[in-house]
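# Coordinate inspection notes
These are the residues of each chain, in order.
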Amino acid sequence: MSKQHPILIGTAAFGVAVGLLAGCSASPEENVSDACAASDAFAAALQNFRQTLTPDATLDEIRAAREEVSNTYNDLKGAAANVAKDRTDELASATDEFKAAVDAIPDDATVPQAVDSLKNEAAKVDTARQGVASELNC
């Protein structure tokens, strides 16, 4: 008779459990669908940011719109992590530059002074987002 080794049995049981749990995860199609939805939400936040950039906007309004861009970017980053790695790296860089540009606005600056620069930064982020959406075939 062969003697069963508890370590091997435990390891095999763990492997089966992991396999079963992995089977419950989202399918590649669902991952792409989630990433595309997150990309659409990010695009809407960028559009809202651009619409906020008027001479009448307050710095608080601009910063609130920036926060929405940041939040939707984080959602997109998580959703697209496994389906478009190269494009998400490009998007991360553009988004970091965008956040830095908004954060660099001095509290005593007037909005018209910052509007053109911020529009350019938002456009760069949107171009990178379009690259992710294209990679995902959204």
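Provided above is the structure to which this section pertains.
Procedures and definitions
- Residue indices follow the written sequence of each chain, beginning from 1 at its first position.
- Local features in a predicted model are, by the rule used here, given only for residues with pLDDT of at least 70; side-chain atom pairs are given and counted only at 80 or more, and totals for whole chains, interfaces and linings are based on all residues.
- Values reported for side chains reflect all heavy atoms of the structure, with hydrogen atoms and water molecules removed beforehand.
- Here an axis means a line fitted to C-alpha atoms, over the contact stretch when the element is a helix, while the angle between two N-to-C directions is reported on a 0 to 180 degree scale.
- Secondary structure follows DSSP: runs of H or I at least 4 residues long count as helices, runs of E at least 2 residues long count as strands, and numbering of each begins at the N terminus.
- When an angle is under 35 degrees it counts as roughly parallel; over 145 it counts as roughly antiparallel; between 65 and 115 it counts as roughly perpendicular; any other value is oblique.
- Put simply, a crossing is left-handed when the front helix is turned counterclockwise from the back one by less than a right angle, and right-handed when it is turned clockwise.
- Contacts were defined at the residue level, with two residues in contact if any of their heavy atoms lie within 4.5 Å.
- Side-chain classes follow a simple rule in which Ala, Val, Leu, Ile, Met, Phe, Trp, Tyr, Cys and Pro form the nonpolar group, Asp, Glu, Lys and Arg form the charged group, and the remainder, Gly included, forms the polar group.
- Classification of ring pairs rests on two measures: the distance between centres of Phe, Tyr or Trp rings, Trp counted by its six-membered ring, which must be within 6.5 Å, and the angle between planes, read as stacked under 30 degrees, edge-to-face over 60 and tilted in between.
- Buried residues are those whose accessible area, probed at 1.4 Å on protein chains only, stays under 20% of the maximum for their type, while exposed residues exceed 50% and partly exposed ones sit between those limits.

What follows is about the packing of helix H3 (residues 59-80) against helix H5 (residues 111-135). Contact geometry for H3 and H5: axes closest at 13 Å, N-to-C directions at 15°. As summarised for this structure, H3 and H5 are arranged roughly parallel, according to the angle between their axes. The interaxial crossing formed by H3 with H5 has left-handed handedness. Together, Leu-59, Ile-62, Leu-76 and Ala-80 of H3 and Val-111, Leu-118, Arg-129 and Val-132 of H5 make up the contact between the two elements. By residue class, the composition of the contact of H3 with H5 is seven nonpolar, no polar and one charged.

Here we take up the packing of aromatic side chains. The final tally for this structure, using the stated rule, is two aromatic pairs. Here Phe-42 and Tyr-73 contribute two aromatic rings whose centre-to-centre distance is 5.9 Å and whose plane-to-plane angle is 50°, an arrangement assigned as tilted. In this pair, Phe-42 sits in helix H2 (residues 28-52) while Tyr-73 sits in helix H3, placing the two residues 31 residues apart along the sequence. Like Tyr-73, Phe-42 is buried. With a centroid separation of 4.9 Å and an interplanar angle of 80°, the aromatic rings of Phe-49 and Phe-98 are classed as edge-to-face. Of this pair, Phe-49 sits in helix H2 while Phe-98 sits in helix H4 (residues 85-103), and the two are 49 residues apart along the sequence. In terms of burial, Phe-49 and Phe-98 fall into one category: buried.

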